[in-house]
There are 2 protein chains.
Amino acid sequence: MIILGVDPGLTRCGVGVIEAGANRRLSFIHVDVVRSDPHTSQDLRLLTIYQGLCEKMDRFIPDAVSIERVFAQENRNTVLGTAQAAGVAMLAAAQRGIPVALHTPTEAKLALTGNGKAQKIQIERMVTKVLGLNTLPTPADAADALSLAICHALRPQGALQGGEREQHLTAAQRQWAQAAQKAARRAGVRAGM
Amino acid sequence: MIILGVDPGLTRCGVGVIEAGANRRLSFIHVDVVRSDPHTSQDLRLLTIYQGLCEKMDRFIPDAVSIERVFAQENRNTVLGTAQAAGVAMLAAAQRGIPVALHTPTEAKLALTGNGKAQKIQIERMVTKVLGLNTLPTPADAADALSLAICHALRPQGALQGGEREQHLTAAQRQWAQAAQKAARRAGVRAGM
């Protein structure tokens, strides 16, 4: 299963592609940043980001696209551009019939480190380790896109369903399930999604 | 000159099309609402809105698209969906090489009534009058999309350039210019656009 992660942004939009094989064995395929010129108009910037993401999806033909969930109250200065970049990423996937998953940064951190408040460098190191790379992935800020793809590959499938299945989760998976439930509630209330 | 106005929304996205002829004579062409099902996933909803807007642009071949500018601090419950609907509208226009203008609700109200705080019913009545319609446009909430198209047609071209040209503006145009300048500052600071 090929998973394409997107760390949305209007100026820099991270893209990370991995393959999830048998026994959740993960391997690195690609990492890059799609950029748009801050000095051009917003419509042309969105077109540039969209075209860059379409090119990646057509090249790697992912089975799933994992995008960072954007919240209204965070990073006020750039939140709308970030939301719109996430929007054109969703659109590009929907046009190709690729299922889209939204994951919060907390979910990605929990999936990789078992700690929802892990530091950036810890995430980068775990991405490197999980994917069996020799060096940290570059560009460094695209590690977030890889972490979103990894998060989707490692997600505890039954975590959101609660009940009996939740009893078999590890402590980290329970933490993750709780973070995911909290995010779903926040998204429902605040983002109207 | 054909102008297509967009009142962005994920559940209901208003579309209004007008023609601006000689002496700023305006005539009504089309008004409609593109809807998406709130029970489907966000990526499919954005695809539905995008496809609906593309269909309108391909049918009416506008010379300009006028979209309501979204601010981060407003309507927290739905602001991200609204921003994303505005984003796919911008993308659809950019893909067709159609210039995009963003106008604030205050600018649209000022353009129509000379009052940036006009009530909804006043806007609807002025839209009806300016376009020479016999009845209020339906669906009623699509009047906002027409008001955005009208706002773009009537915009004071020199208003943002200040200096000598501003001295020749009417009181309403000066008010508008001030609102536009304020909006541009807010957009620069808060939305990072």
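Please read these numbers as outputs of a predicted model, since none were measured by experiment.

Caption draft 1: The arrangement of the overall build of chain A in detail. The helix and strand tally for chain A stands at seven helices and five strands. For chain A, the succession of helices and strands along the chain, N to C, is β-β-β-α-β-α-β-α-α-α-α-α. Out of the 193 residues in chain A, the part that is buried amounts to 53%. Partitioning the intrachain contacts of chain A with sequence separation of at least 6 by distance along the chain shows that 61% fall at a separation of at least 24. Split by element, the accessible area of chain A, about 8,700 Å² in all, is 49% carbon and sulfur.

Caption draft 2: Quick look at the UniProt feature "binding site: Mg(2+) 1" (unreviewed entry) in chain A. Residue and element names in this part refer to chain A. UniProt's entry tags Asp7 and Asp141 with the feature "binding site: Mg(2+) 1" (unreviewed entry), counted in the numbering of this structure. Taken together, the annotated residues stretch across 135 residues yet fold into one region, lying no more than 9.0 Å apart by C-alpha. Tracing the sequence through the fold places Asp7 in strand β1 (residues 2-7). When its relative accessible area of 16% is taken as the criterion, Asp7 is described as buried.

Caption draft 3: Here's a closer look at the environment of His103 of chain B. Residue and element names in this part refer to chain B. Inspection of the secondary structure assignment puts His103 in strand β5 (residues 100-103). His103 sits in the buried class, given a relative accessible area of 7%. Apart from the residues within four sequence positions on either side, His103 is in contact with Ser66, Ile67, Glu68, Arg69, Leu148, Cys151, His152 and Arg155.

Caption draft 4: Representation of the sheet that holds strand β2 (residues 12-20) of chain B within the structure. All names here are of chain B. Here we have five strands laid out as an open sheet, ordered β3-β2-β1-β4-β5, and mixed in their pairing. This sheet does not close on itself; its edge strands, each paired only once, are β3 (26-35) and β5. Strand-to-strand, the axes of this sheet are offset by a mean angle of 20°, without reference to chain direction.

Caption draft 5: Summary view of the side chain of Arg45 of chain B. Residue and element names in this part refer to chain B. On the secondary structure map, Arg45 appears in helix α1 (residues 42-60). The buried charged residue Arg45 lacks any salt bridge, with Asp37 as its nearest oppositely charged partner at 6.5 Å. Among the polar contacts listed, one links the side chain of Arg45 to the backbone oxygen of Asp37, at a separation of 3.3 Å. Residue contacts for Arg45: discarding those within four places in its chain leaves Leu10, Thr11, Ser36, Asp37, Pro38 and Thr40.

Caption draft 6: Local environment of the UniProt feature "binding site: Mg(2+) 2" (unreviewed entry) in chain A. Per the UniProt record, "binding site: Mg(2+) 2" (unreviewed entry) is found at Glu68 of chain A. Within the secondary structure, Glu68 of chain A is located in strand β4 (residues 64-68).

Caption draft 7: Expanded view of the sheet that holds strand β3 (residues 26-35) of chain A. All names here are of chain A. Across the sheet, five strands lie side by side as β3-β2-β1-β4-β5; this open sheet has mixed pairing. For this open sheet the edge positions go to β3 and β5 (100-103), each flanked by a neighbour on one side alone. With direction set aside, neighbouring strand axes in the sheet form an average angle of 20°.

Caption draft 8: Region of the structure containing the pairing of β4 of chain A. Residues and elements named next belong to chain A. In terms of burial, β4 is a largely internal element, four of the five residues being buried. Pairing of β4 with β5 involves four bridges; the strand directions are parallel. Paired with Ile67 across the bridge in β5 is Leu102.

Caption draft 9: Structural view of the pattern of salt bridges. All names here are of chain B. Enumeration over the complete set of coordinates arrives at eight salt bridges over all chains. One salt bridge in this structure joins Lys120 and Asp144, with 2.8 Å as the shortest N-O distance. Separated by 24 residues along the polypeptide, Lys120 in helix α4 (residues 120-130) and Asp144 in helix α5 (residues 143-154) bring together distant segments of the chain. Given the relative accessible area of 44%, Lys120 is considered partly exposed.

Caption draft 10: Structural view of α1 of chain B. Under the 1.5 Å per step criterion, the end-to-end length of α1 of chain B is 27 Å for 19 residues, consistent within 8% with the ideal 27 Å. Immediately downstream of α1 of chain B, the backbone of Ile61 of chain B shows phi near 40°, a positive value.

Caption draft 11: Fine view of the environment of Val70 of chain B. All names here are of chain B. Structurally, the position occupied by Val70 is in the loop between β4 (64-68) and α2 (79-95). On the accessibility criterion, Val70 (11% relative accessible area) is buried. Considered as a pair, Val70 and Thr82 are twelve residues apart in the sequence and their alpha carbons are 7.3 Å apart.

Caption draft 12: Broad picture of the environment of Val15 of chain A. Residues and elements named next belong to chain A. Examined against the element boundaries, Val15 turns out to sit in strand β2 (residues 12-20). Of the residues examined, Val15 reaches a relative accessible area of 0% and is grouped as buried. Sequence separation between Val15 and Leu146 is 131 residues; the distance between their C-alpha atoms is 7.1 Å.

Caption draft 13: Spotlight on α2 of chain B. Between the first and last C-alpha of α2 of chain B there are 24 Å, a value that for 17 residues agrees with the 24 Å anticipated at 1.5 Å per step. For α2 of chain B, the tally of buried residues reaches 16 of 17 residues, placing the bulk of the element in the interior.

Cut-offs used in this document
Residues numbered from 1 in each chain as written. Chains lettered and ligands numbered in written order. Predicted model: local features only at pLDDT ≥ 70, side-chain atom pairs only at ≥ 80, totals over all residues. Heavy atoms only, no water. Helix = DSSP H or I, 4+ residues; strand = E, 2+ residues; numbered from the N terminus. Buried < 20%, exposed > 50% of the residue type's maximum accessible area, 1.4 Å probe, protein only. Contact = heavy atoms within 4.5 Å. Areas by Shrake-Rupley, 256 points an atom, 1.4 Å probe, with all protein chains shown as cover. UniProt positions renumbered as here; feature names shortened; annotations may be inferred. Pairing = 2+ DSSP bridges. Axes fitted to C-alpha atoms, helices over the stretch in contact; angles between N-to-C directions. Lys, Arg positive; Asp, Glu negative; His and termini not counted. Salt bridge = Lys/Arg side-chain N within 4 Å of Asp/Glu carboxyl O. Polar contact = N/O pair within 3.5 Å; in protein donor to acceptor, adjacent residues only side chain to side chain. Expected span 1.5 Å × (residues − 1).

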